[in-house]
Amino acid sequence: MNRRIASGSARGARLLAGMGLGAVAARAAYVALTRRPPGLNGLPGEEVWDRTNHRGEPVTLLEGPALVAGAAAAGLLTPGATGRTRAAALLAGAASGILGGYDDLAGSASSRGFKGHLGALARGEVTSGAVKILGIGATGLAAAALAGSPAPTRRGRAFDTAVNGVIVAGSANLMNLFDLRPGRAIKVGVLTGAPLALARPAAAVVAAPLGAAAALLPEDLAERAMLGDTGSNALGALLGLAATRLGRGPRLAVLGGLVALNAASEFVSFTKVIAANPVLNKIDMLGRRPVAAPRPAAPAADKPDMEDAFRPHVPPQPGPAGNGVAADPA
């Protein structure tokens, strides 16, 4: 009994240490990045990363890179993880964040969702979203292979790698679909990550991203910053990787849920579902500023191509073709 209590206490201490490291690293990265925003292609940092939201107020996308940097740094230092697990977490978080950042800065609203991006790809048009979808799929499989499987046979290990790869990629995409209101993606991340933090194999993976996300939540709720694809894809991928440390039965349940939700997102608005449910809506509004009054309708040609009030409208940027910094809402 005493040994079990001591083991549980040590596990709790490692979890708190990982979350603390993630929070400190993410806040430090956010302060550094917002103090001197990095430029791109000759454009100043403010022009690259700043957006105007539905209130007409500036928000920055640098919350996303801060989460990626904080989770990566803390993940390497968090006690209790094996070397393979640390390497897989670094790959899943950093690669998903980089692919999301590419979509944040180079994307457009011409295609949305799996159907839109893959449909464009079938027509010979390579969208930034298609690059991200395929890249995150490959990243998920690579991270799953790197993390390894306890299955005793080659066939079992191959099966686990395939299942785990889909979980990582599906989680990355699904988290991005929740980044449509202030604080929503982080709340979803905390609510889904908390049970994983109680599971011994998953706790070492989930601690750092949970701490990083929680530390950045006030900026998100205040609408000073947003995760964007960079942060939401990375957060989802790391939570997915944590879920792959569970037993085969729970993992298959997670896989089924992810496939169902990602498929449903092609036909159902999660925002409308949440707004229609009193409990979900109360959680969604917790800590947020009051909803802004609707603006007068603009002529059809001037309306941004997006269903959502939180996703910022990105005006056309000056410069040669290919140097724009439009954000893809999908």
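Scroll up to find the structure.
In this report, we go over the structure that sits alongside the text. Everything numeric in this text was worked out from a predicted model, so none of it was measured.

Turning to the overall build of the protein, a few remarks are in order. If you tally the helices and strands in the protein, you get 13 helices and 2 strands. Out of the 330 residues belonging to the protein, those deemed buried represent 47%. Across the protein, contacts joining residues at least 24 apart in sequence account for 79% of those joining residues at least 6 apart.

Not every positive phi belongs to a glycine, and N41 is a case in point at roughly 55 degrees. Mapped onto the elements of the fold, N41 is located in the loop between α1 (2–35) and α2 (45–49).

Attention now goes to the pattern of salt bridges. Evaluated as defined, the whole model comprises 10 salt bridges. In this structure, the salt-bridge partner of D160 is R251, at a minimum N-O distance of 3.3 Å. Within this pair, whereas D160 is found in helix α7 (residues 154–177), its partner R251 is found in helix α11 (residues 248–264), the two being separated by 91 residues in sequence. Residues D160 and R251 agree in their burial class; the two are buried.

What follows is about the nonpolar core. Counting 52 residues, the largest nonpolar core has L67, V206 and L241 as the members making the most contacts within it. Element by element, the count of residues in this core is highest for helix α9 (residues 200–221), at 11 residues. In contact with V206, not counting residues within four places along its chain, are G193, L196, A197, L239 and A242. Counting residues in hydrophobic clusters, the runner-up holds 8 residues, among them L43, W49, V59 and M226.

Looking now at the environment of A169. Position of A169 among the secondary structure elements: in helix α7. A169 gets classed as buried once you look at its relative accessible area, which sits at 16%. Taking the C-alpha atoms as reference, A169 lies 9.6 Å from L258; in sequence the two are 89 residues apart.

Bringing the environment of F270 into the picture now. Along the chain, F270 turns up in helix α12 (residues 270–276). Accessibility expressed as a relative area gives 12% for F270, which makes it buried. Filtering out sequence-adjacent residues up to four positions away, F270 remains in contact with L174, L177, F178, L261 and S265.

This part covers the packing of helix α3 (residues 63–77) against helix α10 (residues 228–243). For any two helices packed against each other, one specifies the inter-axial angle together with the distance between the axes. Taken N-terminus to C-terminus, the directions of α3 and α10 make an angle of 35 degrees; their axes are 7 Å apart at the nearest point. The chirality of how α3 crosses α10 is left-handed. Across the interface between the two elements, G64, P65, L67, V68 and A71 of α3 pack against T230, G231, A234, L235 and L238 of α10. Split into classes, the residues belonging to the contact of α3 with α10 amount to 7 nonpolar, 3 polar and no charged.

Between helix α8 (residues 184–198) and helix α13 (residues 278–285), whose axes approach to 9 Å, the crossing angle comes to 110 degrees. With respect to α13, the axis of α8 lies roughly perpendicular. Residue-level inspection shows R184, K187 and L191 of α8 in contact with α13, the latter providing I283, D284 and M285. Across the contact of α8 with α13, the residue classes tally to 3 nonpolar, no polar and 3 charged.

Rules and cut-offs
Residues numbered from 1 in each chain as written. Predicted model: local features only at pLDDT ≥ 70, side-chain atom pairs only at ≥ 80, totals over all residues. Heavy atoms only, no water. Helix = DSSP H or I, 4+ residues; strand = E, 2+ residues; numbered from the N terminus. Buried < 20%, exposed > 50% of the residue type's maximum accessible area, 1.4 Å probe, protein only. Contact = heavy atoms within 4.5 Å. Salt bridge = Lys/Arg side-chain N within 4 Å of Asp/Glu carboxyl O. Core = buried A, V, L, I, M, F, W, Y, C linked by side-chain atoms within 4.5 Å. Axes fitted to C-alpha atoms, helices over the stretch in contact; angles between N-to-C directions. Left-handed = near helix turned anticlockwise from the far one by under 90°. Nonpolar A, V, L, I, M, F, W, Y, C, P; charged D, E, K, R; others polar. Parallel < 35°, antiparallel > 145°, perpendicular 65-115°, else oblique.

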